[in-house]
Amino acid sequence: MRRRIVAGNWKMNGSKDLVQQLVGDIREHVADLDEAVKSTLDVVIIPPALYVDSVIGCCGDALATGVQNVSQWQSGAYTGEISSGMALDLGCQYVLVGHSERRQLFAESDEVIARKVTRVLESGLTAILCVGETLEEREAGQAESIVASQVRQGLSTVSSDQWSRVVVAYEPVWAIGTGKTATAEDAQAMHAEIRGVLEQMNAPSRNISVLYGGSVKADNAAALFAEPDIDGGLIGGASLKADEFVSICRSFPVGA
Ligand code: PGA
């Protein structure tokens with residue numbers, strides 16, 4: 001059975017004080033979740049890399065942690081970069097790769113993204129590959145082909161024993177930070193499409209978690225998570241508010 005995951009991507013937000021307060025609150029609320037929910041759900045905090053150590057200090061084993069980006073190289077003279085091995089060394093479990101802000105603002109190509117996925121999987125961590133179309137691409141009827149190509153290229157080097165550490169996050173670019181969410185039906189359709197592409201790649205598609213991201217909030221999470229191919233969410237803005245984030249963690253259908 002695939003895992004449910006709710007991951008909070010803090011982006012370039014936060015401070016030492018915020019870590020103490022927010023992670024402390026989230027940890028407390030997550031401890032109160034129903035045992036049945038807790039046993040199937042990974043709650044992941046993905047702060048700026050400089051705060052990973054303090055986040056881990058605050059959350060202990062209750063929450064998982066990740067970084068928002070790693071280098072395409074293993075180590076060496078790459079000033080300003082951090083490696084996947086370093087994220088592992090600090091105690092992270094997850095790495096976001098190919099977030100649309102990295103693709104758009106830092107010109108990350110599918111080739112670079114595939115190299116990063118390779119580094120993450122080599123180091124033993126789980127890669128959350130982010131994919132998603134822009135509004136122009138959607139309006140031009142290209143959403144499915146763009147997303148399929150991002151999945152194929154981003155995961156082109158994954159070997160059969162590594163699929164258990166691959167997660168895909170479908171984040172339509174037009175829904176990120178805009179307050180616009182894909183309807184649950186549209187998101188479900190794209191998730192089913194992604195699972196189909198994984199199947200064609202000979203991946204164990206039924207065991208791979210596919211998350212939805214893009215303006216997920218406490219009041220729309222339940223409709224999204226009720227869909228059969230949506231296994232959780234990648235949460236930006238709402239991950240910076242403990243109540244909101246934990247309500248999202250409580251939004252999975254009961255008994256499913
Ligand atoms: P948002 O961001 O929830 O603020 O739309 C999601 C993301 O960028 O991962």
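Our subject is the structure listed above.
## A few points about the environment of Ala49
For step 1, the next point in the chain: Looking at the element boundaries, Ala49 is found in the loop between strand E2 (41-46) and helix H3 (52-59).
For step 2, the next point in the chain: Look at Ala49 and you get partly exposed, because its relative accessible area is 33%.
For step 3, the next point in the chain: Sequence separation between Ala49 and Ile230 is 181 residues, and the spatial gap between their C-alpha atoms is 27 Å.
For step 4, the next point in the chain: Not counting chain neighbours up to four residues away, the residues in contact with Ala49 comprise Val67 and Ile82.

## Considering the site of the ligand
For step 1, the next point in the chain: With respect to spatial proximity, 13 residues lie near the ligand, and among them Lys11, His99, Glu171, Gly177 and Ser215 are the closest.
For step 2, the next point in the chain: A distance of 2.7 Å is found between an oxygen atom of the ligand and a side-chain nitrogen or oxygen belonging to Lys11.
For step 3, the next point in the chain: Within the backbone of Gly237, an N or O atom sits 2.9 Å from an oxygen atom of the ligand.
For step 4, the next point in the chain: In terms of residue class, the shell around the ligand is made up of 4 nonpolar, 7 polar and 2 charged.

## A word on unusual backbone geometry
For step 1, the next point in the chain: A positive phi is found at Asn202, a non-glycine position, where the angle reads about 65°.
For step 2, the next point in the chain: Along the chain, Asn202 falls in the loop between helix H9 (184-200) and strand E7 (210-213).
For step 3, the next point in the chain: Taking relative accessible area as the criterion, Asn202 reaches 69% and is therefore assigned exposed.
For step 4, the next point in the chain: In this structure, Ser215 takes a positive phi of about 55° despite not being glycine.
For step 5, the next point in the chain: Residue position: Ser215 is located in the loop between E7 and helix H10 (218-225).

## Section: the packing of aromatic side chains
For step 1, the next point in the chain: Taken as a whole and judged by the stated rule, the model has 3 aromatic pairs.
For step 2, the next point in the chain: Geometrically, the ring pair formed by Trp73 and Tyr78 is stacked, given 4.2 Å between the ring centres and 5° between the ring planes.
For step 3, the next point in the chain: On the accessibility criterion, Tyr78 (32% relative accessible area) is partly exposed.
For step 4, the next point in the chain: A cation over a ring is seen here: Arg102 above Phe106, with NZ or CZ 4.0 Å from the ring centre.

## A few points about the pairing of strand E3 (residues 64-67)
For step 1, the next point in the chain: Of the two faces of E3, the one holding Ala64 and Gly66 and the one holding Thr65 and Val67 are both buried throughout.
For step 2, the next point in the chain: Relative to E3, E2 is paired through 2 bridges, and the arrangement is parallel. Following the sheet pairing, Ile45 is matched in E3 by Thr65.
For step 3, the next point in the chain: With H3 bridging E2 and the parallel E3, this β-α-β connection has right-handed handedness.
For step 4, the next point in the chain: Inspection of the sheet shows E3 paired to strand E4 (residues 94-97) by 2 bridges, in the parallel sense.

## Some points on the packing of helix H6 (residues 110-122) against helix H8 (residues 143-154)
For step 1, the next point in the chain: Axis separation between H6 and H8 bottoms out at 8 Å; the angle between their running directions is 45°. Classified by the angle between their axes, H6 and H8 sit oblique to one another. Two secondary-structure elements touch here, H6 through Asp110, Glu111, Ile113, Ala114 and Val117 and H8 through Gln150, Gln153 and Gly154.
For step 2, the next point in the chain: A per-class count over the contact of H6 with H8 returns 3 nonpolar, 3 polar and 2 charged.

The rules we used
Residues numbered from 1 in each chain as written. Predicted model: local features only at pLDDT ≥ 70, side-chain atom pairs only at ≥ 80, totals over all residues. Heavy atoms only, no water. Helix = DSSP H or I, 4+ residues; strand = E, 2+ residues; numbered from the N terminus. Buried < 20%, exposed > 50% of the residue type's maximum accessible area, 1.4 Å probe, protein only. Contact = heavy atoms within 4.5 Å. Near = heavy atom within 4 Å. Polar contact = N/O pair within 3.5 Å; in protein donor to acceptor, adjacent residues only side chain to side chain. Nonpolar A, V, L, I, M, F, W, Y, C, P; charged D, E, K, R; others polar. Phe/Tyr/Trp six-rings, centres within 6.5 Å; stacked < 30°, edge-to-face > 60°. Lys NZ or Arg CZ within 6 Å of the ring centre and 35° of its normal. Pairing = 2+ DSSP bridges. Right-handed = clockwise from strand over helix to strand, strands pointing away. Axes fitted to C-alpha atoms, helices over the stretch in contact; angles between N-to-C directions. Parallel < 35°, antiparallel > 145°, perpendicular 65-115°, else oblique.

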